Amino acid sequence: MALNVTIWNEHRHEKKNETVAAIYPKGIHAAIAEGLDVDAEVTFATLDDEEHGLTDAVLEKTDVLIWWGHVAHNEVKDEIVAKVHQRVLKGMGLIVLHSGHFSKIFKKLMGTSCDLKWREADDKERVWVVNPAHPIAAGLGEYFELPKEEMYGEHFDIPAPDELVFVSWFEGGEVFRSGCCYTRGNGKVFYFRPGHETYPTYYDANVRKVISNAVKWAAPVDRAYPTYGNAKPLEPISEKA
Ligand code: ZN
C-alpha cells in the first residue's frame, strides 16, 4: 500500500536567491519528491501555505513527514509544531534534513540546543556508513562523497542517537554525526545532514537513496498507541496477610 509522504519546505531561499532558484527551480521539495524511490502519495506543504500546509487533515493522513527549513524557523507557528509533535508521538515518521537541526520541531523532540559548527567553503564531504546492517544504509557503498557541501562539525548538541548510521568527514578536518535515528513515543525520527541550498545535493543518487530508505524505515508500524495512567489488574491480586 502506498505511503502518504508529506514534504515540508520553508521555500524562501528559492524565491529570494537566484543561485538557489537556478538549482531548485521548482523548490527543494520538488527535487526531494523526484528522488523518492518509494511507493508513495506525495503532498507538498510550505511555510507560506495556510497553516504551513500542515492542516489537521494533512497531518492525520501523513505516514512520514520530511522537513527542510533554514532562515524562517521562528515563523513556524508553535501550535503547528505542537500538532506535528503529537503526530510523531502517535506514530508518524519524521525525517529532518540539514538546517532543520534548528527547527522548532527537532529541538522539541531532542530537548537539547541542537547547535553545531558550520562553514560555507565548498568542503568536500565524505559520508561514511558506520552501521552497515541498518536499512537506511541499504544499497550504499562503504561511503559516498559530495564534491561540495556546507560543513557541519562536532560537537553536535543532540542526545546520543538510538542508532547512528552515518558519520561525515569534511575536507577542512571536521567530523559530524550525519545520520541519526531516534524513537519518540510510537514515532521514528531520522536526522540526515546533507542538503545546503546552494548545492545540488538533492539530485545526488546516494542522497536520494538515503532519503528513500529513511522514508521506508520511518513508516509507522501497525500498532495501537499505548494506554497510560491508572491501570486495573489483569488478574486478581491475592490478599496479603
Ligand atoms: Zn545550510
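The text that follows walks through the structure, step by step, so that each part is easy to find. Treat the numbers as computed from the prediction; the structure is a model and nothing was measured.

## Side note on the coordination of the zinc ion
The coordination sphere of the zinc ion contains the protein donors His98 (NE2), Glu150 (OE) and His196 (ND1), at a distance range of 2.0 to 2.1 Å. For the zinc ion, the single-chain donor residues occur in sequence as H-x51-E-x45-H. On the criterion of sequence distance, the pair formed by His98 in the loop between strand S4 (93-97) and helix H6 (104-110) and His196 in the loop between strand S9 (187-192) and helix H7 (205-218) is long-range, its members being 98 residues apart. A relative accessible area of 2% places His196 in the buried class.

## Side note on the side chain of Ser168
Among the secondary structure elements, Ser168 is positioned in strand S7 (residues 163-170). Judged by its relative accessible area of 1%, Ser168 falls in the buried class. Within the local environment of Ser168, its side chain forms a polar contact with the side chain of Ser178, the two groups lying 2.9 Å apart. In this structure Ser168 touches Glu125, Arg126, Val127, Glu174, Val175, Phe176, Ser178 and Arg193, once residues within four positions along its chain are discounted.

## Re the pattern of salt bridges
This model, assessed by the stated rule, comprises 14 salt bridges. Across the salt bridge formed by Arg119 and Glu174, the nearest N and O atoms sit 2.8 Å from each other. Placement of Arg119 in strand S5 (residues 117-129) and of Glu174 in the loop between S7 and strand S8 (175-184) is noted, with a sequence separation of 55 residues between them. Looking at Arg119, the relative accessible area reads 25%, which means it is partly exposed. One network of salt bridges, in which partners are shared, links Arg12, Lys15, Asp48 and Glu75.

## Thoughts on a nonpolar patch on the surface
Among the surface-exposed residues, Trp128, Val130 and Tyr143 lie close enough to one another that they form a single nonpolar patch of about 270 Å² accessible area. For Trp128, the position within the fold is in strand S5.

## Side note on the environment of Val76
Of note, Val76 is situated in the loop between strand S3 (64-68) and helix H5 (78-89). Spatially, the C-alpha atom of Val76 lies 9.6 Å from that of Asp48, the residues being 28 residues apart in sequence. When residues no more than four places from it in sequence are discounted, the contact partners of Val76 are Trp8, Leu47, His52, Trp67, Val81 and Lys104.

## Here's the deal with the side chain of Arg126
Turning to its location among the elements, Arg126 is positioned in strand S5. At 2.6 Å, the side chain of Arg126 and the side chain of Glu145 are in polar contact. Aside from chain neighbours lying at most four places away, what touches Arg126 is Tyr143, Phe144, Glu145, Val167, Ser168 and Trp169.

Calculation notes
Residues numbered from 1 in each chain as written. Predicted model: local features only at pLDDT ≥ 70, side-chain atom pairs only at ≥ 80, totals over all residues. Heavy atoms only, no water. Donors = N, O, S within 2.8 Å, 3.2 Å for Na, K, Ca; no water. Helix = DSSP H or I, 4+ residues; strand = E, 2+ residues; numbered from the N terminus. Buried < 20%, exposed > 50% of the residue type's maximum accessible area, 1.4 Å probe, protein only. Polar contact = N/O pair within 3.5 Å; in protein donor to acceptor, adjacent residues only side chain to side chain. Contact = heavy atoms within 4.5 Å. Salt bridge = Lys/Arg side-chain N within 4 Å of Asp/Glu carboxyl O. Patch = residues over 30% accessible without salt bridge, like charges linked within 9 Å, V, L, I, M, F, W, Y side chains within 5 Å. Areas by Shrake-Rupley, 256 points an atom, 1.4 Å probe, with all protein chains shown as cover.

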